[in-house]
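A look at the structure
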Amino acid sequence: MTTRKLRFLTVDLPGHGKSPMFADNREPTTHRMAQSLWSVVDEVESNDAVVLLGHSVGGHVVLEAARQRPERSLGVALLAPVNVRPHRALGNQFGFHNVLRPLGRMLQHPAWRTPLGAFSEFVLKRILGFPRSVTREEVMHTQRQVSLIDFSRAAQNVEKLHCPVFHAFAVDDALIQPARAEE
């Protein structure tokens, strides 16, 4: 058996954790987030292949990153990803899919931040089961990020991958329908 030395690199994407948003104030698309991820990986790692792990919205970012640089992508792990298709919060049964993108954009406008932020916080916490400890700013940031996801591109990214993919989430996740957990 070969002994391999493993290194772990944790990255806060722009606008997440302690990382500031993109300085140019352009939309933080999944494509741009993946480019940002590779810039950090390139600084730290040589040209070695890496396993990309993404949680929640980060799942879309690592799928896009693997598509951008298949030669560097040894594998992809998706932990409780928003998914390659819209989940319960974005599905037809709630009707949110029709207003998600406009709502995400409206949350950027100062005049709409307070009323829409309160509404988004109510919906995500009280109806969809987000933890009550999540702040309104975090709710609005999540709303904005999810509104930028191109689900059809994410599905295409999965189909084009030439590396192993590990996909896991809890079946009691309030945002994931049980049938999706078995896909």
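Residues numbered from 1 in each chain as written. Predicted model: local features only at pLDDT ≥ 70, side-chain atom pairs only at ≥ 80, totals over all residues. Heavy atoms only, no water.

1. Quick word on the packing of helix H1 (residues 30-44) against helix H2 (residues 58-68)
H2 packs onto H1 with a crossing angle of 70° between their chain directions and a minimal axis gap of 8 Å. Classified by the angle their axes make, H1 and H2 are roughly perpendicular. In the crossing of H1 with H2, the sense of the turn from one axis to the other is right-handed. Where H1 abuts H2, its residues Thr30, His31, Met33, Ala34, Gln35, Leu37 and Trp38 lie against His60, Val61, Val62, Glu64, Ala65, Arg67 and Gln68. When grouped by side-chain class, the residues that make up the contact of H1 with H2 number seven nonpolar, five polar and two charged. (Axes fitted to C-alpha atoms, helices over the stretch in contact; angles between N-to-C directions. Helix = DSSP H or I, 4+ residues; strand = E, 2+ residues; numbered from the N terminus. Parallel < 35°, antiparallel > 145°, perpendicular 65-115°, else oblique. Left-handed = near helix turned anticlockwise from the far one by under 90°. Contact = heavy atoms within 4.5 Å. Nonpolar A, V, L, I, M, F, W, Y, C, P; charged D, E, K, R; others polar.)

2. Observations regarding unusual backbone geometry
Even without being glycine, Ser56 reaches a positive phi, approximately 60°. Overall, Ser56 belongs to the partly exposed group, its relative accessible area being 27%. (Buried < 20%, exposed > 50% of the residue type's maximum accessible area, 1.4 Å probe, protein only.)

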